[in-house]
Amino acid sequence: MSLMVISMACVGFFLLQGPWPHVGGQDKPFLSAWPGTVVSEGQHVTLQCRFRLGFNEFSLSKEDGMPVPELYNRIFQNSFLMGPVTPAHAGTYRCCSSHPHSPTGWSAPSNPVVIMVTGVHRKPSLLAHPGPLVKSGETVILQCWSDVRFERFLLHEDPLRLVGQLHDAGSQVNYSMGPMTPALAGTYRCFGSVTHLPYELSAPGDPLDIMVIGLYGKPSLSAQPGPTVQAGENVTLSCSSRSLFDIYHLSREAEARELRLTAVRSINGTFQADFPLGPANHGVTYRCFGSFRDSPYEWSDPSDPLLVSVTGNSRHLHVLTGTSVVIIPFAILLFFLLHRWCANKKNAAVMDQEPAGKRTVNREDSDEQEPQEVTYAQLDHCVFTQRKITRPSQRPKTPPTDTSM
């Protein structure tokens, strides 16, 4: 069959629909994509065309974007594996199934399937305000933002298309979701796109799990050996309840991530999970939640908060040790400088010709030109010194034989 015949098969059906009224909407096939309509660049996607009359031959057409040559002039059986996917594969697809009772031999066009190719731009970021744990009936704000100037964002869980707000630093969009129900809980991703290429998306943002809490009664949280421990001591937190929870979730205050463990039945009839935290270094507040395996996004009320406090923090010892390393050499240097200063001051006192201290003069004969010997007592605030000083003008020829104080 020629290229023209297959590519115009679905169009020809509409031209002949008037004289063939019994082939209506219920006679069109159903087109689906597996594993989904959002495909990473370089991956594969399977397009499957199903018809209720049981005919399994079909053709594919692409309505927008760049043409895909491998679709045309071909008839497929049941499904078509498309890939490795490139940005050219992004667009809207329909299928027509073979129909022996149709004048054209083809059914009406199927439902449209939009294939979006991701990885064309850098990934945006997705945040939840005030946080990803949302109480049943309350509202959460999902904020998708990027330093790339995207005109549109896509929240992939519904999926939901949102118009972005451009600014100098990039773009962002805020989406208010609520009142919160179990149907709205799940894992969300954010994508960005530009206006002229709406189906070529950025790389997916990191996944964000939105949990609905408050659907079941709260569990209990305790600490072993206790809520107050020594620095470096190992701590284990136990979350328990009489409800048949399959999984327990432990979260730290002001942190989005959580630890999860499978619940086990304890000897006292409760269902419990023990979280070994290792050595404690600083105080942290914890809460725990319970959930069931078949509804992982639906959690219980939070347990009462538990503050694990630490005494004798090793960080204080490190501070003291570091301070000592600085202070001890400084004290030694200060002592050395003070010693030098006192010594210099004593030397200055010796050289002074008119000392301020008390003095005693021994004079034998004023007529003889004998040297005058003077002994001074100098009281200094650093040290008590005793010196014998001879005047330079009356220096004796021989050393004195006797001194007195």
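Everything discussed here concerns the structure shown above.
Report on the accompanying structure. (Residues numbered from 1 in each chain as written. Predicted model: local features only at pLDDT ≥ 70, side-chain atom pairs only at ≥ 80, totals over all residues. Heavy atoms only, no water.)

1. Re the state of the cysteines
Quick reminder of the rule: Disulfide assignment relies on a single distance test, namely cysteine sulfur atoms paired within 2.5 Å. Working definition: helices are DSSP H or I runs of at least four residues, strands are E runs of at least two. Numbering for both runs from the N terminus. For every residue, the accessible area obtained with a 1.4 Å probe (protein chains only) is divided by the maximum for its type, and the residue is called buried under 20%, exposed over 50%, and partly exposed between those limits.
Under the criterion given, the structure shown has 3 disulfides. Each sulfur in the disulfide pair C49 and C95 lies 2.1 Å from the other. On the sign convention where negative is left-handed, the bridge of C49 and C95, at about 70° about the S-S bond, is right-handed. Of this pair, C49 sits in strand β3 (residues 45-50) while C95 sits in strand β7 (residues 91-97), placing them 46 residues apart in sequence. Overall, C95 belongs to the buried group, its relative accessible area being 0%.

2. Topic: the environment of G105
Under the convention used in this document: The contact rule is simple, with two residues in contact once any of their heavy atoms fall within 4.5 Å.
Relative to the elements of secondary structure, G105 occurs in the loop between β7 and β8 (113-121). Using a relative accessible area of 24% as the deciding quantity, one classes G105 as partly exposed. Each residue touching G105, except ones within four places of it in the same chain, is listed here: S97, S98 and H99.

3. Considerations on the sheet that holds β3
This is how it is decided: For two strands to be treated as a pair, DSSP must find at least two bridges joining them. Only the stretch in contact is used when a helix axis is fitted, and all axes are lines through C-alpha atoms; the angle between N-to-C directions ranges over 0 to 180 degrees.
Read from one edge of the open sheet, 3 strands run β1-β3-β6, paired in antiparallel fashion. With one partner strand each, in any of the chains shown, β1 (30-34) and β6 (79-82) form the two edges of the open sheet. Mean inter-strand twist for the sheet, computed between neighbouring axes without regard to direction, equals 20°. Of the pairings in the sheet, the one linking β1 to β3 comprises 5 bridges and is antiparallel in character. Pairing of L31 across the sheet is with C49, part of β3.

4. Section: the pairing of strand β25 (residues 271-279)
Walk down a regular strand and you will see the side chains alternate between the two sheet faces. Pairing of strand β21 (residues 234-241) with β25 involves 8 bridges; the strand directions are antiparallel. Note that in β25 the partner of S238 across the bridge is D274. Linkage of strand β24 (residues 264-265) to β25, two consecutive antiparallel strands, is achieved through a turn of 5 residues, within which G269 is found at a positive phi near 90°.

5. As for the sheet that holds β24
Read from one edge of the open sheet, 4 strands run β19-β21-β25-β24, paired in antiparallel fashion. The sheet is open, and its two edges are formed by β19 (220-224) and β24, each paired on a single side.

6. Some thoughts on the environment of V212
Tracing the sequence through the fold places V212 in strand β18 (residues 208-213). By relative accessible area, which is 0% here, V212 ends up buried. The contact partners of V212, leaving out residues within four places of it in the chain, are V134, S136, M180, T181, P182, A185, Y297, E298 and W299.

7. Overview of the packing of aromatic side chains
Put simply, the rule reads: Think of it this way: a Phe, Tyr or Trp ring, Trp meaning its six-membered ring, pairs with another when their centres are within 6.5 Å, and the plane angle makes it stacked under 30 degrees, edge-to-face over 60, tilted otherwise.
Scanning all chains against the criterion turns up 8 aromatic pairs. Where F76 meets F80, the ring centres are 4.6 Å apart and the plane angle is 40°; that geometry is what we call tilted. The pair F76 / F80 is uniform in exposure class, with both members buried. Seen from their ring centres, F289 and W299 are 5.2 Å apart, and the 45° between their planes marks the pair as tilted. Of the two residues, F289 sits in strand β26 (residues 284-292) while W299 sits in strand β27 (residues 295-299), which places them 10 residues apart along the sequence. This pair shows no difference in class: F289 is buried, exactly as W299 is. Counting every residue linked through ring pairs, the aromatic cluster contains Y216, F245, Y248 and F292.

8. A few points about the pattern of salt bridges
Pairing between side chains of opposite charge can happen when the charged atoms of each approach one another. Keep this limit in mind: By salt bridge we mean one thing: a side-chain nitrogen of Lys or Arg within 4 Å of a carboxyl oxygen of Asp or Glu.
Counted by the stated rule, this structure contains 6 salt bridges. D304 serves as the salt-bridge partner of K218, at 2.8 Å between the closest nitrogen and oxygen. Of this pair, K218 sits in the loop between β18 and β19 while D304 sits in the loop between β27 and β28 (306-311), and the two are 86 residues apart along the sequence. K218 sits in the partly exposed class, given a relative accessible area of 46%.

9. Comments concerning the pairing of strand β22 (residues 247-252)
Along β22, 5 of the 6 residues are buried, which leaves the element largely enclosed by surrounding structure. The sheet contact formed by β22 and strand β23 (residues 258-262) spans 5 bridges and is antiparallel. Within β23, the residue paired with L250 across the bridge is L259. Examined bridge by bridge, β22 and β26 share 6 bridges and lie antiparallel to one another.

10. Quick word on unusual backbone geometry
Trans is the prevailing form of peptide bonds, just as negative phi is the prevailing case for residues other than glycine. For the bond running from G83 to P84, omega is -5°, close enough to zero to count as cis. As for its placement among the helices and strands, P84 is situated in the loop between β6 and β7. The omega torsion across Q224 and P225 is 10°, close enough to zero to call that bond cis. As for its placement among the helices and strands, P225 is situated in the loop between β19 and β20 (228-230). The phi dihedral of N73 is positive, around 65°, even though this residue is not glycine. Along the chain, the position of N73 falls in the loop between β4 (57-62) and β5 (76-77). Even without glycine at this site, N78 takes up a positive phi of about 70°.

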